[in-house]
Amino acid sequence: MANIKEMKDEKNPYIGELTDNLEEFIENIKCLKETYGYSEGTLQQQYKEAKKAHDDFLAKYSNGKYTQIPSSQNRVYKKLEKRRNRAQRAFDLIPPTYIISLVSLYDSFYAGLIRCIYHAFPEKLQECNKQFLFRDICNLESLLDVKQKIVDSVIEEELRASHSEQLDWLGKFIDVKLLSNPNEWSDFIELTERRNLFVHADGLVSQQYISECKKFNVNFGEVPKGSKLTVSKEYFDNSFKLLYKIAIQLTLLILNKTYLGKYSITSANIDEVIINNVYELISSKLYDTAICISDFTLDKHFTHNSKDRCYIILNKAQAYKWSNNEDECIALLAQEDTTTWNDDLLIPKLVLENKFDEVYEKMRKVGGRSDIVSSDAYRNWPIFQEIRKEEEFVKVYSEIFGEELDGETSIRIVEDPELKTIESSILSD
């Protein structure tokens, strides 16, 4: 199963540009999520050390009933107290910056979507009603520069609008009623409105936040005006998964509604984007998000050929399995008509159903001639992660491919000069 990068190099450049934009966003928010984890640990350690130093100092001057600090030690005590208080305050100051960054990365992704659409469909520029002063365009050298200025102007205007207005604009642009069901977007609206409070109001709840949340049926309980919002680890993780999901959904909607049938783009090309992204979600153990994307692409808006639909069903089933929902996994597979499935598609199905003896039989029957259950798939496809621990599986794999399952493989790495420069800069600081 190829990754997005490999697919982009092989397929239509217009798909490549759009998936490039998605891939960049996903890598950026993953980076932010990993950094959040380090930051949380640092904050906890900082507070733990500051509190211990503060408490140890007080213990020296306590007799069990009261504490009396000598005047000569007042400055030391004040310094320790301020250090502890600052460490505690950091818990309120630092986590909101991650939400601000998360939404900013989404805004960059959204701007990229607009650029991709205008690049693929320059005729849509004719619908723009933009006016420019002569001095704004007199120094432009070509019509291409004028087009780019229009696109930049549209993006600038869109990013100044609220996120609900952005969705409304994009929905009209691609002829999809994105906001037809406010419940579907309630968490997104709450996140972006919370981000606005962190940027402009130190996290203090405003009437606009309350009104916008009510408009989109946000279930946020009793949050009185003037109260202060914070960011827990659970809230950040949920926000990360939410934007990850929305970015994939918007990319797929644009592909399906505007790109399909143009530039030789077929539903099979879109299926490849779907399968690769769900595969990456499962590999990252984001099983609930993988299930959401699978459900999203199995609805009436998308059409799939029989083989790709099998992939989507299998990946959705394994997402259920690895999220400890074995019953849903089995039920999903049971409701599928698999009488037309080839043996190489039945193998992963039987693995998920824990029918290992039947798996070994079909593995020997299929042998090493399948593109679906290749040696790489047996080694790396998460569907096989449990059966790979079985001695019989290792034995059958070796029979088929004439190599050990855990044998050495070689990877060719080409040094990136730009990355080397960045690395040198970091290590020299």
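Per-chain numbering applies: the sequence of each chain, read as written, is numbered from 1 onward. Reporting of local features is limited, given that this is a predicted model, to residues whose pLDDT is at least 70; pairs of side-chain atoms are given and counted only at 80 or more, and all residues count toward the totals for whole chains, interfaces and linings. Here the side-chain values reflect all heavy atoms present in the structure, with hydrogen atoms and water set aside.

Peer 1: Requested: an account of the overall build of the protein chain, with residues and values cited.
Peer 2: Here a helix means four or more residues in a row that DSSP labels H or I, a strand means two or more in a row labelled E, and each is numbered from the N terminus. Per the secondary structure count, the protein chain includes 18 helices and zero strands. Residue burial is assigned from relative accessible area. The probe radius is 1.4 Å, only protein chains are included, and a residue is buried under 20% of its type maximum, exposed over 50%, and partly exposed in between. The buried share of the protein chain, taken over its 429 residues, is 43%. Using the Shrake-Rupley algorithm and a 1.4 Å probe, accessible areas are obtained, with residue cover drawn only from the displayed protein chains. By element, 47% of the accessible surface of the protein chain is carried by carbon and sulfur atoms, the whole surface being about 24,400 Å².

Peer 1: Which residues make up the environment of alanine 111, and what are the values?
Peer 2: Mapped onto the elements, alanine 111 comes out in helix H3 (residues 74-120). On the basis of relative accessibility, which here comes to 5%, the residue alanine 111 falls in the buried class. Along the backbone, alanine 111 and valine 151 are 40 residues apart, and their C-alpha atoms lie at a distance of 9.7 Å. Whether two residues touch is decided by their heavy atoms; if any such pair falls within 4.5 Å, the residues are in contact. Ignoring anything within four residues of it in the chain, the contact list for alanine 111 reads Ile155 and Leu159.

Peer 1: Quick rundown of a positive patch on the surface? Include the residues and the values.
Peer 2: A cluster of like positive charges, contributed by Lys78, Lys82, Arg86 and Arg89, occupies part of the molecular surface. Here arginine 89 is to be found in helix H3. Surface patches are defined over residues having more than 30% relative accessible area and no salt bridge, joining like charges when they lie within 9 Å and nonpolar side chains (Val, Leu, Ile, Met, Phe, Trp, Tyr) when within 5 Å. The rule for a salt bridge is simple: a side-chain nitrogen of Lys or Arg has to be within 4 Å of a carboxyl oxygen of Asp or Glu. Residues scored as charged are limited to Lys and Arg (positive) and Asp and Glu (negative), so that His and the chain ends carry no count. We put the charge of a Lys on NZ, of an Arg on CZ, of an Asp on CG and of a Glu on CD.

Peer 1: Lay out the side chain of arginine 379 with the relevant residues and their values.
Peer 2: On the secondary structure map, arginine 379 appears in helix H16 (residues 375-380). Residue arginine 379 is classed as buried on the basis of its relative accessible area of 18%. N or O atoms within 3.5 Å of each other form a polar contact, as long as, within protein, one can give a hydrogen and the other can take it, and as long as residues adjacent in sequence are counted only when both atoms are side-chain atoms. Among the polar contacts listed, one links the side chain of arginine 379 to the side chain of glutamate 403, at a separation of 3.1 Å.

Peer 1: Please provide a residue-by-residue account of the packing of aromatic side chains, values included.
Peer 2: Only Phe, Tyr and Trp rings take part, Trp by its six-membered ring, and two of them pair if their centres are within 6.5 Å. Stacked means planes under 30 degrees apart, edge-to-face means over 60, and tilted covers everything else. Scanning the model with the defined rule gives 26 aromatic pairs in all. Between tyrosine 106 and phenylalanine 109 the ring centres are 6.1 Å apart and the planes differ by 45°, which places this aromatic pair in the tilted class. One end of the pair is tyrosine 106 and the other is phenylalanine 109, both in helix H3 and three residues apart, which spans about a single turn. For tyrosine 106, a relative accessible area of 1% puts it in the buried group. Taken together, a centroid distance of 5.3 Å and an interplanar angle of 85° make the contact between phenylalanine 121 and tyrosine 259 edge-to-face.

Peer 1: Help me get a handle on the nonpolar core, residues and values and all.
Peer 2: Definition used in this section: a nonpolar core is a set of buried Ala, Val, Leu, Ile, Met, Phe, Trp, Tyr and Cys residues joined via side-chain atoms within 4.5 Å. Grouped together as the largest cluster of nonpolar side chains are 116 residues, with contacts concentrated most on Tyr106 and Phe384. The dominant element in this core, judged by the number of residues it contributes, is helix H9 (residues 233-259), at 15 residues. With residues near it in sequence (within four places) discarded, phenylalanine 384 still touches Ile347, Pro348, Val351, Val373, Ala377, Tyr378 and Phe393.

Peer 1: Outline unusual backbone geometry, supporting the account with residue identities and numerical values.
Peer 2: The residue asparagine 217 is not glycine, and still its phi comes out positive at about 55°. Looking at the secondary structure, you find asparagine 217 in the loop between helix H8 (207-215) and H9. For tyrosine 263, which is not a glycine, the phi torsion comes out positive at approximately 55°. Take tyrosine 263: it is sitting in the loop between H9 and helix H10 (267-283).

Peer 1: Explain H8 to me, using residue names and the numbers behind them.
Peer 2: Listed in full, the buried residues belonging to H8 are Tyr209, Ile210, Glu212 and Cys213. In this fold, the buried residues of H8 make contact with helix H6 (163-174) and helix H7 (182-200). Looking one or two residues past H8, asparagine 217 carries a phi angle of roughly 55°, positive in sign.

Peer 1: I'd like a description of the packing of H3 against H9, backed by residues and values.
Peer 2: In contact at an axis separation of 11 Å, H3 and H9 are set at 5° when each is read in the N-to-C sense. The orientation of H3 relative to H9 falls into the category roughly parallel. Residues Tyr98, Ile99, Leu102, Val103, Tyr106, Phe109, Leu113, Cys116, Ile117 and Ala120 of H3 form the contact with H9, whose participating residues are Tyr235, Phe236, Ser239, Phe240, Leu243, Ile246, Ala247, Leu250, Thr251, Ile254 and Tyr259. Under the convention adopted here, Pro, Cys and the residues Ala, Val, Leu, Ile, Met, Phe, Trp and Tyr are nonpolar, Asp, Glu, Lys and Arg are charged, and Gly plus all remaining residues are polar. For the contact of H3 with H9, the residue count by class is 19 nonpolar, two polar and no charged. To define axes, lines are fitted to C-alpha atoms, for helices over the stretch in contact only, and angles between the resulting N-to-C directions are given on a 0 to 180 degree scale. By the definition adopted for this analysis, an angle is roughly parallel if under 35 degrees, roughly antiparallel if over 145, roughly perpendicular if from 65 to 115, and oblique otherwise.

Peer 1: Residue-level account of the packing of H7 against H9, with values.
Peer 2: Running from amino to carboxyl end, H7 crosses H9 at an angle of 120°, the nearest separation of the two axes being 10 Å. The orientation of H7 relative to H9 falls into the category oblique. In this structure, H7 crosses over H9, and the sense of that crossing is left-handed. Residue-level contacts link Trp185, Asp187, Phe188, Glu190, Leu191 and Arg194 of H7 to Tyr235, Ser239, Leu242, Leu243, Ile246 and Leu250 of H9. Of the residues in the contact of H7 with H9, the class split is eight nonpolar, one polar and three charged. We call a crossing left-handed when the near helix sits turned anticlockwise from the far one by less than a right angle, and right-handed when that turn is clockwise.

So, to be careful, I would describe these as geometric facts and stop short of saying anything about function.
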